[in-house]
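The chain contents come next:
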Amino acid sequence: MDRRKFLLGAAPAVGLASLVTAGCKPSSRMQDRPYTPTYFRPGEWAFVLAAVSRLIPAEGAGPGGVDAGVPEFIDRQMELPYGHGAYFYLKGPFLENSPPTLGYQLRYTPRDIYRLGIAAANSATQKSQGKDFPQLSAADQDGFLAAMEKGATTFPTVPATVFFAQLLANTKEGYLSDPIHGGNRGMVAWKWIGFPGARADFTDWIDQAGRRYPYGPVSISGATDG
């Protein structure tokens, strides 16, 4: 699976013709900015770092998910109303095998999904390979993530498919979000896809398909480099 193709499906129309340009390198500001998680425990944090590094790996045309700050974005979301399930319907009856058209039917908040899902994932890899997920080889990590996605592995609490979907969705969001939320550090993802960010006006470029947008992106904060 080319893990950047899913990002192209979410990318805006402006500047897509320029995606063949050289990949973005993490800026010194990105590399020098340490982050201490507030929700995830050390073992859980190691899982998030490892999983994000496989969903959007550092090798390839664009910036990697870890370098872009995706794990920080996910951790910060867990301490916001979203992480506590403020936007979820969390009353019964709870149905694990309901069709997607019925929407979310489980009892778990995003915080719960991560805490239970990470524990179950590490338990599963311990049983099958004698190691927690972060200690597996990259190939074995890819294989286990694929098994989660397809439901080929089962967890005793939150379904593996639900955990994978949560992880993948938040990884995409963190990669392409405004940097004020912790991800997309230095606006590297926006620069890669040619997205102008929160500029007040770029309507003159909407109908200029194929032309590279000549101005860099701007964050909601007004910053032009992170």
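This one's a predicted model, so the numbers in the text were calculated from it and none came from an experiment.

K.L.:
Looking at this structure, how should I read unusual backbone geometry?
P.N.:
Trans is the prevailing form of peptide bonds, just as negative phi is the prevailing case for residues other than glycine. Following Gly92, the chain continues to Pro93 via a peptide bond in cis, the omega torsion being 0°. Structurally, the position occupied by Pro93 is in the loop between α4 (70-78) and α5 (110-129). Despite not being glycine, Asn184 has its phi angle at roughly 55°, a positive value. Note that Asn184 resides in the loop between α7 (160-176) and α8 (188-193). We note that Met187 has phi near 55°; this positive angle belongs to a residue other than glycine. Within the secondary structure, Met187 sits in the loop between α7 and α8. Judged by its relative accessible area of 0%, Met187 is buried.

K.L.:
Any chance you could explain the side chain of Thr125 here in plain terms?
P.N.:
Following the sequence through the fold, Thr125 ends up in helix α5. Thr125 gets classed as buried once you look at its relative accessible area, which sits at 0%. Within the structure, the side chain of Thr125 is placed 2.8 Å from the backbone oxygen of Lys131, a separation counted as a polar contact. Once residues within four sequence positions are removed from consideration, Thr125 is found in contact with Gly130, Lys131, Asp132, Phe133, Leu136 and Phe144.

K.L.:
Help me understand the nonpolar core, please; the structure alone is not making it clear to me.
P.N.:
Among soluble globular proteins, nonpolar side chains are generally buried collectively. Judged by nonpolar contacts, the single largest core of 41 residues is most densely connected at Phe40, Phe155 and Phe163. Counting only elements with at least two residues in this core, the list comes to α3 (42-55), α4, α5, α6 (138-150), α7 and α8. Per-element tally for this core: the top contributor is α3, with 7 residues. Leave out the neighbours within four places in its chain, and Phe40 touches Trp45, Val48, Ile74, Asp75, Met78, Tyr114, Arg115 and Ile118.

K.L.:
Got a minute to help me understand the packing of α5 against α7 in this structure?
P.N.:
Relative placement of two packed helices is described by the angle separating their axes and the distance separating the axes. Axis separation between α5 and α7 bottoms out at 9 Å; the angle between their running directions is 115°. The way α5 lies across α7 gives a crossing that is left-handed. The segment α5 lies against α7, with Pro110, Ile113, Tyr114, Gly117, Ile118 and Ala121 engaging Val162, Phe163, Gln166, Leu167 and Asn170. Counted by class, the contact of α5 with α7 contains 8 nonpolar, 3 polar and no charged residues.

K.L.:
Explain the pattern of salt bridges to me, please; I cannot follow it from the model alone.
P.N.:
Working definition: two side chains of opposite charge can pair if their charged atoms are close together. Under the counting rule described, the total for this entry stands at 7 salt bridges. A salt bridge links Asp142 to Arg54; the nearest nitrogen and oxygen atoms lie 2.9 Å apart. Taken as a pair, Asp142 in helix α6 and Arg54 in helix α3 lie far apart in primary sequence, 88 residues in all. The class for Arg54 is buried, based on a relative accessible area of 11%. Here Arg76 makes a salt bridge to Glu72, at a shortest N to O gap of 3.0 Å.

K.L.:
What is the right way to look at the environment of Pro34 in this model?
P.N.:
Looking at the secondary structure, you find Pro34 in the loop between α2 (28-31) and α3. The exposure class assigned to Pro34 is exposed, which follows from its relative accessible area of 75%. When the C-alpha atoms of Pro34 and Glu72 are compared, they prove to be 9.8 Å apart, with 38 residues separating the residues in sequence.

Analysis parameters
Residues numbered from 1 in each chain as written. Predicted model: local features only at pLDDT ≥ 70, side-chain atom pairs only at ≥ 80, totals over all residues. Heavy atoms only, no water. Helix = DSSP H or I, 4+ residues; strand = E, 2+ residues; numbered from the N terminus. Buried < 20%, exposed > 50% of the residue type's maximum accessible area, 1.4 Å probe, protein only. Polar contact = N/O pair within 3.5 Å; in protein donor to acceptor, adjacent residues only side chain to side chain. Contact = heavy atoms within 4.5 Å. Core = buried A, V, L, I, M, F, W, Y, C linked by side-chain atoms within 4.5 Å. Axes fitted to C-alpha atoms, helices over the stretch in contact; angles between N-to-C directions. Left-handed = near helix turned anticlockwise from the far one by under 90°. Nonpolar A, V, L, I, M, F, W, Y, C, P; charged D, E, K, R; others polar. Salt bridge = Lys/Arg side-chain N within 4 Å of Asp/Glu carboxyl O.

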